[in-house]
Amino acid sequence: MSNATQLIHSIPVDPLTGAIAVPIYQTSTFVQEAPGVNKGYDYARSGNPTRATLEKLIAGLENGEVGLAFASGLAAIDNVIKLLKTGDEIVAVDDIYGGAYRLFNNVYEQFGIKVHYVDTSDVANIVDAITPNTKLIWLETPTNPTLKISDIAAIAKIAKANACLLCVDNTFATPALQQPLSLGADIVIHSATKYLGGHSDLIAGIVVAKDKEIGARLKYLQNACGAILGPFDSWLVIRGIETLHLRIRQHCSSAQAVAEFLESHPQVDKVYYPGLSSHPNHLIAKKQAKNFGGIVSFSLKDDTEEAAINFVTSTGLFKLAESLGGIKSLISHPANMTHKSIPAEKRRAAGVSDSLIRLSIGLEETEDLIKDLSDTFQRVHTKKTTQYSTTKTV
Ligand SMILES: *Cc1c(COP(=O)(O)O)cnc(C)c1O
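Computed from a predicted model, the values in this text were never measured in an experiment.

Each value, and the rule that gives it
- Residues numbered from 1 in each chain as written.
- Predicted model: local features only at pLDDT ≥ 70, side-chain atom pairs only at ≥ 80, totals over all residues.
- Heavy atoms only, no water.
- Helix = DSSP H or I, 4+ residues; strand = E, 2+ residues; numbered from the N terminus.
- Buried < 20%, exposed > 50% of the residue type's maximum accessible area, 1.4 Å probe, protein only.
- Pairing = 2+ DSSP bridges.
- Contact = heavy atoms within 4.5 Å.
- Axes fitted to C-alpha atoms, helices over the stretch in contact; angles between N-to-C directions.
- Core = buried A, V, L, I, M, F, W, Y, C linked by side-chain atoms within 4.5 Å.
- Domains from an automatic or database assignment.
- Near = heavy atom within 4 Å.
- Polar contact = N/O pair within 3.5 Å; in protein donor to acceptor, adjacent residues only side chain to side chain.
- Areas by Shrake-Rupley, 256 points an atom, 1.4 Å probe, with all protein chains shown as cover.
- Nonpolar A, V, L, I, M, F, W, Y, C, P; charged D, E, K, R; others polar.
- Disulfide = S-S within 2.5 Å.
- UniProt positions renumbered as here; feature names shortened; annotations may be inferred.

## Description of unusual backbone geometry
- At the junction of T141 and P142, the peptide bond is cis and its omega measures out at 0° in the coordinates.
- With respect to the helices, strands and loops of the structure, P142 is situated in the loop between β4 (134-140) and α6 (152-161).
- Here the bond from N144 into P145 is cis, since omega is 5°, no more than 30 degrees from zero.
- Residue S200 is not a glycine yet carries a positive backbone phi of 50°.
- With respect to the secondary-structure elements, S200 resides in the loop between β6 (187-191) and β7 (205-209).
- We note that S323 has phi near 80°; this positive angle belongs to a residue other than glycine.
- Here S323 shows up in the loop between β10 (319-320) and β11 (330-332).
- Among the residues examined, S323 registers a relative accessible area of 26% and is labelled partly exposed.

## Considering the sheet that holds strand β8 (residues 268-272)
- Strand order in the open sheet formed by five strands is β8-β9-β12-β11-β10, with mixed pairing between adjacent strands. Each edge of the open sheet is held by one strand with a lone partner, namely β8 and β10.
- Of the strands in this sheet, β9 (295-300), β10, β11 and β12 (357-360) touch helix α11 (residues 305-312), which is tilted by about 135° from β9.

## Points about the nonpolar core
- Judged by nonpolar contacts, the single largest core of 52 residues is most densely connected at L166, V237 and I241.
- Every element with two or more residues in this core is listed here: α2 (49-61), α5 (123-129), β4, α6, β5 (165-169), β7, α8 (231-242) and α9 (244-263).
- If you count residues domain by domain, this core takes at least three from each of domain 1 (3-242) and domain 2 (246-393).
- If we skip the residues at most four places from it in the chain, L166 touches I137, L139, I152, I155, A156, A159, A185, D186 and I187.

## Here's the deal with the site of the ligand
- All residues adjacent to the ligand are S72, G73, L74, Y97, E140, D169, T171, F172, S191, T193, K194 and A204.
- One of the backbone N or O atoms of L74 is found 2.9 Å from an oxygen atom in the ligand.
- Residue D169 places a side-chain N or O atom 2.7 Å away from a nitrogen atom belonging to the ligand.
- For the ligand, whose accessible area on its own is 380 Å², the fraction buried by protein is 93%.
- Here the residues of the shell around the ligand sort into four nonpolar, five polar and three charged.

## Focus on the state of the cysteines
- Tallying each qualifying case throughout the model produces zero disulfides.
- C225 forms no disulfide, and the closest cysteine sulfur to it belongs to C167, at a distance of 16 Å.
- With relative accessibility at 43%, the residue C225 sits in the partly exposed group.

## Some thoughts on the side chain of S254
- With respect to the secondary-structure elements, S254 resides in helix α9.
- On the accessibility criterion, S254 (0% relative accessible area) is buried.
- Excluding anything up to four places from it in sequence, S254 contacts I361, E364, T366 and L369.

## Things to note about the UniProt feature "modified residue: N6-(pyridoxal phosphate)lysine" (unreviewed entry) in the protein chain
- Following the UniProt record, the feature "modified residue: N6-(pyridoxal phosphate)lysine" (unreviewed entry) maps to K194 here.
- If you trace the backbone, K194 turns up in the loop between β6 and β7.
- Judged by relative accessible area, which is 9%, K194 ranks as buried.
- With residues near it in sequence (within four places) discarded, K194 still touches T171, S323, L324 and G325.

Next comes the structure, spelled out in structure tokens:
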């Protein structure tokens, strides 16, 4: 049976009523027959049946033992970092999500947790950065926004050899394309705000642990710290996941076409998409993932912040916004948006140039998206030429 079919039928029919949709248990507490005698739930921070359905569903999709749902992707990341203690160190991907960088450096550093950022697409950099205090390796693959790929299976071996946990932020690929736990990782996290939710209508996070014991510790922390996902948002994520495979298929096929279009465009300098054979890690991407995802980044020949801002404010279908993974195509300028909290020189060193533009390919028809970009190139070109001739005549 295919993964998509399996997924659709792993969502339970309500045993009480036969409801084919998952019920939303909008309740804070559960009546007990006697103290401690209940039907599996006592208080909704500790457990809620709607959230439990989502948690079981995502654990299955990621091939893990324990799934946990949180109020945001960052709350999910925060939960994993709380496995560590003062003096522990993390080796993390340099091209990391800006919010994770902020959490690591501006919150956890003051508790004595140190993070080393390296280009994890070269495994040797990880080996060099590991010290006896390293307890966690943190990957995103593909990364945001330069779509770098790291070899999960190879890095999992290094993690095991050094008694570190490997956590992969699987937000960009989703389990429809890539299952890090099957490749040897210990923990997967998601911003379910993106592809899992899939409709730009919620904020949510997911943690999945491969191992029961680590899962139990994470579940303890989830209840102890309290950043759980509410029942209605849990229901929305379940509804999103129901169409995950179908959506991802379309995101990928349009993204490949857009990346090829951009690569052939005279105003484009570099295109970042793991599905292009020009991508430096194309073969690893092909080995560890079923397809290459819906995010495409590119830089302009006119490598200025001004040119990029001009472009991102001139599109029609592509809406200028943070976030990704929804129905509508989005465009963003990472240097000024998602990656603003990373100091400029560090940001540039990680490959996020001033003119880098990131696209989240939505579910519009492929040819409409390409036409929108093509028209935008024409528009910004004309605008620039006009501005130039105006200056000349004045
Ligand atoms: C958005 C995002 C996050 C943070 O998730 P929130 O739901 O916004 O808290 C973490 N990692 C990646 C890769 C993201 O894109």
